[in-house]
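# Per-entry structural report
The lines below spell out each chain.
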Amino acid sequence: MPIRFALNRTCAPQLALPEFIALATTVGVQAVEIRNDIEGREFADGTPAAEVKARLDDAGLQIASVNALQRCNDWTPDRATEAEALVAYAAALGAPGLVLCPVHTEDHGWTEAEAEKNLRDGLRALRPILRDHGVTGYVEPLGMRGSTMKRQAMAVAAVSDIDGWDDFRLCYDTFQFYRCGDTQLFPDRIGLAHMSGITRTDLAPGDLTEPDRELIFVGDRVGNIAQLRALQAAGYDGFVSMEPFSPDVQADPQLAAHLRASLDYVATLLADTPPNA
């Protein structure tokens, strides 16, 4: 089955919504991810979900997710208010899920046991909010230093412990998987996948940061093709969303052409995967 591509808003945060939608249709993706953390853009600027949805519907685009509730494992009254607003917005958009990111500051001060407990507490608190709105929580491990949830297995164990698979899935990110040296794949638990490429060779995986994330071409260090082939082989059929954070990508005057070329590159290599690969 061909990969279903999406674009994360990080591809072009400088564009107004109509121009971002035009970019998505030009490069041929089927869906987009809307973000709540881009100043002056939809959600953050108060654009009603109905307006965003109408524009996407008119363009024939689906919504892959709203991205993201930060510090989902640091539950507070303020976090509950933020979660309610984001989940309601996602539901009004018709988004299947809301991406959930952990605390990722090097000064968090949590022990391993505290991180495990806090993750479960956050997921338990989120569960009724998600359920009330019919939205799935996409739990995304982040592989950077200071992350309180780096690996897929930690997320899987937490959701399993609260018997939460009716309300949660994984958000699998090829870069995060590579950055922390993860090796365990749980394809039947994945609801959304992110991809981006790395070409710089002067840093170890653990030293890479979000601005290093580019499009995917020959020379990619992340091993996107191998990772996506593994997902395909395991039967994953959800969206794979391009999520670069590189300022050079975002400011590229030929962004549409290069995005289309990158997506074509990935699609061609995946289509050439032998059936038993």
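Quick caveat, the model's predicted, so the values are computed rather than measured. (Residues numbered from 1 in each chain as written. Predicted model: local features only at pLDDT ≥ 70, side-chain atom pairs only at ≥ 80, totals over all residues. Heavy atoms only, no water.)

The next point concerns the overall build of the chain. When helices and strands are counted, the chain shows 9 helices and 8 strands. By its C-alpha atoms, the chain is 45 × 40 × 35 Å across when sized along the principal axes. Relative to its full complement of 277 residues, the chain shows a buried share of 51%. Taking the contacts inside the chain whose residues are at least 6 apart along the sequence as the reference set, 76% of them involve residues at least 24 apart. Roughly 11,500 Å² of accessible area belongs to the chain as shown, and the carbon and sulfur atoms make up 51% of that amount. (Helix = DSSP H or I, 4+ residues; strand = E, 2+ residues; numbered from the N terminus. Buried < 20%, exposed > 50% of the residue type's maximum accessible area, 1.4 Å probe, protein only. Contact = heavy atoms within 4.5 Å. Areas by Shrake-Rupley, 256 points an atom, 1.4 Å probe, with all protein chains shown as cover.)

Another point: the sheet that holds strand E2 (residues 31-35). In spatial order, the strands read E1-E2-E3-E4-E5-E6-E7-E8; together these 8 strands close into a barrel with parallel pairing. Strand-to-strand, the axes of this sheet are offset by a mean angle of 30°, without reference to chain direction. Across 5 bridges, E2 lies against strand E3 (residues 62-69) in parallel orientation. Across the sheet, the residue bridging to Glu33 is Ser65, located in E3. Sitting on the sheet, helix H4 (residues 112-133) is in contact with E3, strand E4 (97-100), strand E5 (136-139) and strand E6 (168-173), with an inclination near 110° to E6. Contacting E5 and E6, helix H5 (residues 152-161) runs over the sheet at an angle of about 175° to E6. (Pairing = 2+ DSSP bridges. Axes fitted to C-alpha atoms, helices over the stretch in contact; angles between N-to-C directions.)

Inspection of the secondary structure assignment puts Arg260 in helix H9 (residues 255-271). The exposure class assigned to Arg260 is partly exposed, which follows from its relative accessible area of 38%. Considered as a pair, Arg260 and Leu98 are 162 residues apart in the sequence and their alpha carbons are 26 Å apart. Beyond its immediate sequence surroundings of up to four residues, Arg260 is in contact with Thr26, Val27 and Gly28. Of note is the side chain of Arg260, whose polar atom sits 3.2 Å from the backbone oxygen of Thr26. (Polar contact = N/O pair within 3.5 Å; in protein donor to acceptor, adjacent residues only side chain to side chain.)

We now examine the layout of surface pockets. What the largest pocket holds in volume is close to 170 Å³. Broken down by class, the residue content of the lining of the largest pocket amounts to 4 nonpolar, 4 polar and 7 charged. (1 Å grid on protein atoms, 1.4 Å probe; cavity = no way out; pocket = protein on both sides within 12 Å on 5 of 7 lines; lining within 4 Å. Points joined across faces, edges and corners; volume = space filled by probe spheres on them. Nonpolar A, V, L, I, M, F, W, Y, C, P; charged D, E, K, R; others polar.)

This part is about the environment of Val29. Along the polypeptide, Val29 turns up in the loop between helix H1 (17-27) and E2. Here Val29 falls in the buried class, since its relative accessible area comes to 8%. Along the backbone, Val29 and Ala68 are 39 residues apart, and their C-alpha atoms lie at a distance of 21 Å. The contacts of Val29, once residues within four sequence positions are left out, are Phe5, Ala6, Leu7, Ala24, Leu61 and Leu263.

Within the secondary structure, Asn36 is located in the loop between E2 and helix H2 (49-59). By relative accessible area, Asn36 is classed as buried at 13%. Polar contacts involving the side chain of Asn36 include one to the main-chain amide nitrogen of Ala68, which spans 2.5 Å. Those residues in contact with Asn36, other than ones at most four positions away along the chain, are Phe43, Ala44, Asn67, Ala68, Glu82 and Leu86.

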